[in-house]
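Structure at a glance
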Amino acid sequence: KIYYDSDADLDLLKGKTIVFLGFGNQGAAQAQNLRDSGIPNESIIVANRQDSYAEDAKSRGFNVEHDFPKAAKVADVLFLLIPDQVQPRVFNEQFAPHIKDDAVIVIASGYNVFYKLLNFKPTQDVVMVAPRMIGSSVRSLYEKGKGFPCFVSVEQDGTGKGLSIALALSRAIGATKAGAIASSAREETAMDLFAEQALWPNIIMLFREAFQVLQEAGCSDEALCYEMWMSKEPAEIFERAAEEGFIQQLKHHSSVSQFGQLNGALKLDGSAIRNHFLEILHNQVLNGKFCQEFSKIESDLEKEGDENPLNDLYKRSEASELGQAEKRVRARLAGLL
Ligand code: NDP
């Protein structure tokens, strides 16, 4: 099901105090869109610690509240727009004990709701309005009078009006203009984590191995980097895939290329990778194993140097032939890129 502006009633937001927790990528874009949709500025509060994000909100004319429990007490609607990994701590400690029993809590990602990491009261509405775009595009598409792809769902319907309020909020941030797609926290989380843990790791691995095979066959670093990604050809292919169709975009390629790609893909047996994908989806994502493992290292991600597991992963990934060759090429081409 796809919801459009005509399915949503902005009047449902009249008289409601809307709090945006966070004024980062999504918070800044969604708060400005909502205000430009006619929600009065005095009904909007940005809850943020006292720092540059808060200053940014103030400079754009928003009312800013640094005291989170105070913001929680007045919120009829709370947009949770701080990073996923800090949401449980901040929401459960500073908002949940104070927020109204019939408040609407809006999430922009399914993760914390699917894994049940947030403490809601059963009388509250929990809705997902999850743009499929970075914040700057959420804002720029709205300014151009266009919508942006977005998932919408009701995760908990405490008031019985969850869907109509979710649609009103989707319309206010500009999401129903292009059509907001009915989804769920489970679906959003499954697809997101699957792409991150199954699809893209395989794509990185394919590029890494392809690079090494071609390098060993005598291809130069420069030629390989440009052939494989620096020319931006893959970006162009994906753009055409979005506009014209995943398969149909192939028609822009030469006959040799079309034959090679279509015939090659049909000849490949997907069963091994399919089993690997199923394993990741069911035994890593949907059963919560990844979430449990990630929660153990989450706090280390704020550390400096070798204590931060991400730094070690970057170091090992960049040690590949692809990583090393690209460094050499970028150093040689410094100033030209
Ligand atoms: P950001 O990283 O841009 O969030 C920054 C905001 O969070 C700032 O206001 C920051 O203020 C605040 N913040 C960070 N840490 C804390 C903390 N410990 N306590 C209180 N406030 C904190 O987040 P995004 O906008 O990227 O993501 C928000 C939500 O939107 C997430 O659920 C995400 O999954 C979802 N989403 C994000 C997309 C994107 O493009 N980034 C796309 C679609 C959905 P300060 O540091 O001053 O406290």
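This text follows the structure it describes.
For the structure given in this document, a descriptive report is provided here. Note that this is a predicted model, so its numbers are computed, not measured. (Residues numbered from 1 in each chain as written. Predicted model: local features only at pLDDT ≥ 70, side-chain atom pairs only at ≥ 80, totals over all residues. Heavy atoms only, no water.)

1. Focus: the site of the ligand
Looking at the ligand, there are 23 residues lining it, with Phe23, Asn48, Arg49, Asp51 and Asp84 nearest. Gln26 has a polar backbone atom sitting 2.8 Å from an oxygen atom of the ligand. Here an oxygen atom of the ligand and a side-chain polar atom of Gln87 are 3.2 Å apart. For the ligand, whose free accessible area comes to 870 Å², the fraction covered by protein is 81%. Under a 2 Å grid-point criterion requiring more than half of the atoms, the pocket assigned to the ligand is the second largest pocket. Counting only elements with at least two residues in the shell around the ligand, the list comes to helix 1 (25-36) and helix 4 (87-95). (Near = heavy atom within 4 Å. Polar contact = N/O pair within 3.5 Å; in protein donor to acceptor, adjacent residues only side chain to side chain. Areas by Shrake-Rupley, 256 points an atom, 1.4 Å probe, with all protein chains shown as cover. 1 Å grid on protein atoms, 1.4 Å probe; cavity = no way out; pocket = protein on both sides within 12 Å on 5 of 7 lines; lining within 4 Å. Sits in = over half its atoms within 2 Å of the grid points. Helix = DSSP H or I, 4+ residues; strand = E, 2+ residues; numbered from the N terminus.)

2. Considerations on the layout of surface pockets
Estimates place the volume of the largest pocket at around 1,700 Å³. Lining the largest pocket are 33 residues; nearest its centre among them are Ile203, Leu206, Phe207, Phe238 and Gln261. No other element matches helix 8 (residues 185-216), which puts 10 residues into the lining of the largest pocket. When its residues are assigned to classes, the lining of the largest pocket shows 22 nonpolar, 8 polar and 3 charged. In this structure, the second largest pocket spans a volume of roughly 1,400 Å³. Contributing to the lining of the second largest pocket are 43 residues, with Ile82, Pro83, Asp84, Gln85 and Gln87 lying nearest its centre. (Points joined across faces, edges and corners; volume = space filled by probe spheres on them. Nonpolar A, V, L, I, M, F, W, Y, C, P; charged D, E, K, R; others polar.)

3. Focus on unusual backbone geometry
Positive phi, close to 55°, is recorded for Lys116, a residue that is not glycine. Residue classification places Lys116 among the exposed positions, given a relative accessible area of 70%. Phi is positive for Lys232, which is not a glycine, with a value near 70°. Locating Lys232 in the fold gives a position in the loop between helix 9 (221-230) and helix 10 (233-244). Exposure remark for Lys232: the relative accessible area of 59% places this residue in the exposed category. (Buried < 20%, exposed > 50% of the residue type's maximum accessible area, 1.4 Å probe, protein only.)

4. Quick word on the sheet that holds strand 9 (residues 180-182)
Across the sheet, which stays open at both edges, the 9 strands sit in the order 1-9-8-7-6-5-2-3-4 with mixed pairing between neighbours. Across the chains shown, the open sheet's two edge strands, defined by having one partner strand only, are strand 1 (2-3) and strand 4 (63-65). Summarising the sheet, strand 6 (residues 104-107) and strand 7 (residues 125-131) pair through 4 bridges and their orientation is parallel. Of the residues in strand 7, the one forming a bridge with Val104 is Asp125. Its contacts with the sheet place helix 4 against strand 2 (18-21), strand 3 (44-47), strand 5 (77-80) and strand 6, and it is angled at close to 155° to strand 5. (Pairing = 2+ DSSP bridges. Contact = heavy atoms within 4.5 Å. Axes fitted to C-alpha atoms, helices over the stretch in contact; angles between N-to-C directions.)

5. Observations concerning the pattern of salt bridges
Any two side chains of opposite charge can pair, so long as their charged atoms come close to each other. Counting across every chain of the model gives 18 salt bridges. Notably, a salt bridge pairs Asp76 with Lys100, separated by 2.8 Å at the nearest N-O pair. Taken together, the residues Asp76 in the loop between helix 3 (68-74) and strand 5 and Lys100 in the loop between helix 4 and strand 6 connect sequence positions 24 residues apart. Between Arg132 and Glu188 there is a salt bridge, and its shortest N-O distance comes to 3.2 Å. Of the two residues, Arg132 sits in the loop between strand 7 and helix 6 (135-143) while Glu188 sits in helix 8, which places them 56 residues apart along the sequence. (Salt bridge = Lys/Arg side-chain N within 4 Å of Asp/Glu carboxyl O.)

6. Quick look at the nonpolar core
Of all hydrophobic cores here, the largest spans 39 residues; its most connected members are Ile18, Phe20, Leu34, Phe79, Val106 and Leu169. Take this core: its biggest share by element is 6 residues, from helix 7 (residues 162-172). Sequence-distant contacts of Phe20, that is, excluding residues within four places in its chain, are made with Gly27, Gln30, Ala31, Leu34, Ile44, Ile45, Val46, Ala47, Phe79 and Leu81. Listed in part, the 27 residues of the second largest apolar core include Ile82, Ala103, Ile105 and Val113. (Core = buried A, V, L, I, M, F, W, Y, C linked by side-chain atoms within 4.5 Å.)

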